[in-house]
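Per-entry structural report
Each chain, letter by letter, is given below.
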Amino acid sequence: MLAVCMAAAFAAAHVAAGVPALVPMPREIDATGGECVLTRPPAIEVDGSVPAEGYRLSVTPDGVTIRHSDAAGLFYAKVTLRQLETRRGSEGAVCPCCEISDSPAFRWRGVHLDDVRHFFGKGTVKRILGEIAQYKFNMFHWHLTDSQAWLIDIPGYPELVNQGRGREFGEAVGPFRYTANDIREVLAYAAERHVTVVPEVEFPGHFGAALRAYPEFACPGGGKVMCIGNPDAVKFAEDVLDYVCELFPSEVIHIGGDECKREYWAKCPRCRAMMEREGMTDPGELQQWLTKRLSAHLAATGRRAIGWDEIFDGGVSLPSNTMGMCWRPADGVGAEGAGAAHGVANAGREVVMCPYSHCYFDYSQGLDEDPFDYFGRRSISLEKVYSFDPLSGVAPDARKFVVGAQCNNWSERTFALPDLEWKLWPRALALAEVLWTYPDPHRRDFARFASRAEEHRRRLLRDHVNCAGIANRKTERAAQ
Ligand code: ACM
Ligand code: ZN
C-alpha cells in the first residue's frame, strides 16, 4: 500500500509553490495535493490515444499509473517520476500527488558534440548521453571527422585515424579514434535511453585529416576540400557512408557541407574538366552535384542525408528526403546569413534549427565570473536560450518542415569534461524546455523557469555534473 501524508508540507523548497520543479515542464499538470509514497512499481498500460513519445502519469495515494503508446513515452514518464521525487522516505520515494499529461512539441530535440577539435572519448560521450536523456533530448549529433582528425576507423582506409594533430591535440597521446566496438558500446548505451545517435562525416570541406591520409583526394595545390573531379575521392565518400550505415542504425546520416572554400575547384584541372562535362558554370555546382550524389546514395538504401544549410545554397533541388540543419540565423551577420537558413524549410525540406544566435553553447554564457574559455566574442545567455523561437522567420506555410532544434557544442575552446558540462548546463535545461513545451506561453516564464533550473542545478551538482550558475549573469543584468 502507498502511505500518504496528506498534511505534510513538501520538504524541498522547489515545491513550495505547489508546482513540482520539473524540467521540461509538462504540457498539463494538476497537483492534486498531498504527498504519495511510492512503495511499489507503477502500473503500466499501453494506450494508443497517447501521442508519440508522450505519456500520462497518475500519482495517487492508491498507486502510480503510466499510460503510453510507445517505449520512449514510457521512458519519459519514468524520468518525470524520478524528477517528482522530493525525498526518500523509509518506505520509498516521496512525490507530490499529481496528474500529468505530456508530449513533446518537436520530434528532434538534439545535442551536438564536436569530438574532433578536442577528443572526449567514449566515457565522456556516454556520460553526456546519460545526462541529456534525463532532460528528454532524443538526438545526439556526433561530429566525428574534420580537418584536425578523423575519429572513425573505416575498413580499407587504415591511415584515416592516424591523422589526429593540431593545436588542440598538443602533446596529448592518442589514439584519438573509435573502433567499431567502441561505437557499438555508445550506441547500445544511447538506445537504452531513447537517444538516436546521428553520426556526422564531413564532405567536401573540413576534410583536412582525410587529405593528410590520402593526398590524392585533394585538388592539386592543396586546400582542405575534397577534389570532386576525382572519381576515387567520390568513391571514398560513398565507401565511408556505406560503412557508417552498417554501424549506425540512425535513419538520418549527417554529411556536413558547411564552409566549403571553392577556390581550389576553380583552379583544379580535374574539377574544371568535370564542370565542362556536366555543363556547370560555377564551382559551387560541384558541391551541389556531390550533395545530390551522396543524398541519393543514402536514399537508395532507405537512409536520409542531413547537411548544414549551405547544401541548399543556389536553390539546388535535392532528393525530397534530404534534410537541412540551419546554423546561420535569419538575422545573422554576413552576406549569406540572412534568409539562407530558413530557405531549407521554405524549399519544403525538413529542417533542424541550430542558429548560432541562440544554439552555439561554445559561446560565452555571460557569467560575472567564469573560469572557462569560450569561442569567439558572441554571448548566449541562459535567458537568450530560453527565448529561442525555432520557428522565427520561417514562413507560416513552411513551419511544418521544422522538426526541431539542437545545441551545438563545438570544441575548439572546450578541452575536457568539466568545461563541456559547464557550457552545456544549465543552458541545455532551457533548450529542453523550449523544445518540449513550445509554443505554450504560460510555460515560458523565465523567472519561474530559473527557479526550477536552480533546483536542477543543485541536483546536477549533487550528481557531480559541472553546472554553471543560474544567477549572476552579466547579459541579463545589462538587459534590465
Ligand atoms: C558551422 O558552425 N560551421 C556549422
Ligand atoms: Zn579538384
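In this text the structure is predicted, and so the values were computed from the model without any measurement.

Per the secondary structure count, the protein includes 14 helices and 15 strands. Across the 480 residues in the protein, those meeting the buried criterion constitute 58%. Here the protein displays about 19,000 Å² of accessible surface, and carbon together with sulfur accounts for 52% of that area.

This brings us to the coordination of the zinc ion (ligand 2). In an ideal octahedron of six donors the angles at the metal are 90 or 180 degrees, and in an ideal tetrahedron of four donors they are 109.5 degrees. Protein-derived ligands of the zinc ion (ligand 2) are C219 (SG), C227 (SG), C268 (SG) and C271 (SG), with the metal-ligand distances lying across 2.3 to 2.4 Å. Each of the four donor atoms around the zinc ion (ligand 2) contributes to a set of angles spanning 107 to 111°, which defines the coordination as tetrahedral. Along the chain, the residues donating to the zinc ion (ligand 2) fall in the pattern C-x7-C-x40-C-x2-C. Of this pair, C219 sits in the loop between helix 4 (208-213) and helix 5 (231-247) while C268 sits in the loop between helix 6 (263-267) and helix 7 (269-278), placing them 49 residues apart in sequence. An identical accessibility class is assigned to C219 and C268; each is buried.

What follows concerns the packing of aromatic side chains. For any pair of aromatic rings, the description consists of the separation of the ring centres together with the inter-plane angle of the planes. Taken as a whole and assessed by the stated rule, the structure comprises 27 aromatic pairs. For the pair Y360 and Y363, a centre-to-centre distance of 5.6 Å together with 50° between the ring planes defines the contact as tilted. Grouped by ring-pair contacts, the aromatic residues W150, Y157, F203, F207, Y214, F217 and F236 constitute a single cluster. When the ring centre of W436 is taken as origin, the NZ or CZ atom of K136, which lies over that ring, is 5.3 Å away. Above the plane of the ring of Y264 lies K267, whose end atom (NZ or CZ) is 5.9 Å from the centre.

The next thing to look at is the packing of helix 2 (residues 121-133) against helix 3 (residues 180-192). Look at helix 2 against helix 3: their axes get within 10 Å of each other, and the N-to-C directions meet at 10°. Judged on the interaxial angle alone, helix 3 and helix 2 are roughly parallel. Every residue of helix 3 that contacts helix 2 at K122, V125, K126, L129 and G130 is listed here: D182, E185, V186, Y189 and A190. Its residues placed into classes, the contact of helix 2 with helix 3 shows five nonpolar, one polar and four charged.

Here helix 5 crosses helix 8 (residues 284-299) at 35°, and the two axes come no closer than 10 Å. Along this stretch, helix 5 crosses helix 8, giving a crossing that reads as right-handed. Contacts between helix 5 and helix 8 involve V234, A237, E238, L241, D242 and C245 from the first element and W289, L290, R293, L294, H297 and L298 from the second. Here the residues of the contact of helix 5 with helix 8 are counted per class, giving eight nonpolar, one polar and three charged.

Turning next to the pattern of salt bridges. Following the criterion strictly, the structure yields 25 salt bridges and no others. Between D47 and R56 there is a salt bridge, with its nearest N and O atoms 3.2 Å apart. One salt bridge connects D309 with R328, and the closest N-O pair in it is separated by 2.4 Å. In this pair, D309 is assigned in the loop between strand 12 (304-308) and strand 13 (323-326) and R328 in the loop between strand 13 and helix 9 (337-346), connecting sequence segments 19 residues apart. As far as burial versus exposure is concerned, D309 and R328 are alike and both buried.

Turning to the state of the cysteines, a few remarks are in order. A full pass over the atoms with the stated rule returns one disulfide. The partner cysteine of C36 in its disulfide is C97, sulfur to sulfur 2.2 Å. Disulfide C36-C97: the torsion about the S-S bond is 120°, which places it as right-handed. Placement of C36 in strand 2 (residues 28-38) and of C97 in strand 7 (residues 93-102) is noted, with a sequence separation of 61 residues between them. C36 gets classed as buried once you look at its relative accessible area, which sits at 0%. C260 takes part in no disulfide bond, and the closest cysteine sulfur to it belongs to C219, at a distance of 9.6 Å. The buried category is assigned to C260, whose relative accessible area is 12%. With no disulfide partner, C407 has as its closest neighbouring cysteine sulfur the one in C359, 7.4 Å distant. Of the residues examined, C407 reaches a relative accessible area of 0% and is grouped as buried.

For the rest of this paragraph, the subject is the side chain of S147. Summarising the element assignment, S147 is placed in the loop between strand 9 (139-143) and helix 3. Once residues lying within four places of it in the same chain are set aside, the contact partners of S147 are H206, F207, G208, A209, R212 and K224.

Here helix 5 contains 17 residues, and its C-alpha end-to-end distance of 25 Å stays within 8% of the 24 Å for a straight helix at 1.5 Å per residue. The complete set of buried residues in helix 5 reads A233, V234, F236, A237, E238, V240, L241, Y243, V244, C245 and L247. Looking at where helix 5 begins, the residue whose side-chain oxygen comes 2.9 Å from the main-chain nitrogen of D232 is N230.

The next thing to look at is the environment of G284. Mapping G284 onto the fold places it in helix 8. For the pair G284 and I311, spaced 27 residues apart in sequence, the C-alpha to C-alpha distance is 9.9 Å.

As a further point, take the side chain of S58. Mapped onto the fold, S58 is located in strand 4 (residues 55-60). For S58, the side chain forms a polar contact with the side chain of E99, separated by 2.9 Å. Non-local contacts of S58, meaning those with residues more than four positions away in its chain, are made with G63, V64, T65, C98 and E99.

About the cut-offs
Residues numbered from 1 in each chain as written. Chains lettered and ligands numbered in written order. Predicted model: local features only at pLDDT ≥ 70, side-chain atom pairs only at ≥ 80, totals over all residues. Heavy atoms only, no water. Helix = DSSP H or I, 4+ residues; strand = E, 2+ residues; numbered from the N terminus. Buried < 20%, exposed > 50% of the residue type's maximum accessible area, 1.4 Å probe, protein only. Areas by Shrake-Rupley, 256 points an atom, 1.4 Å probe, with all protein chains shown as cover. Donors = N, O, S within 2.8 Å, 3.2 Å for Na, K, Ca; no water. Tetrahedral: all angles 85-135°; square planar, octahedral: opposite > 155°, others 65-115°. Phe/Tyr/Trp six-rings, centres within 6.5 Å; stacked < 30°, edge-to-face > 60°. Lys NZ or Arg CZ within 6 Å of the ring centre and 35° of its normal. Axes fitted to C-alpha atoms, helices over the stretch in contact; angles between N-to-C directions. Parallel < 35°, antiparallel > 145°, perpendicular 65-115°, else oblique. Contact = heavy atoms within 4.5 Å. Nonpolar A, V, L, I, M, F, W, Y, C, P; charged D, E, K, R; others polar. Left-handed = near helix turned anticlockwise from the far one by under 90°. Salt bridge = Lys/Arg side-chain N within 4 Å of Asp/Glu carboxyl O. Disulfide = S-S within 2.5 Å. Expected span 1.5 Å × (residues − 1). Polar contact = N/O pair within 3.5 Å; in protein donor to acceptor, adjacent residues only side chain to side chain.

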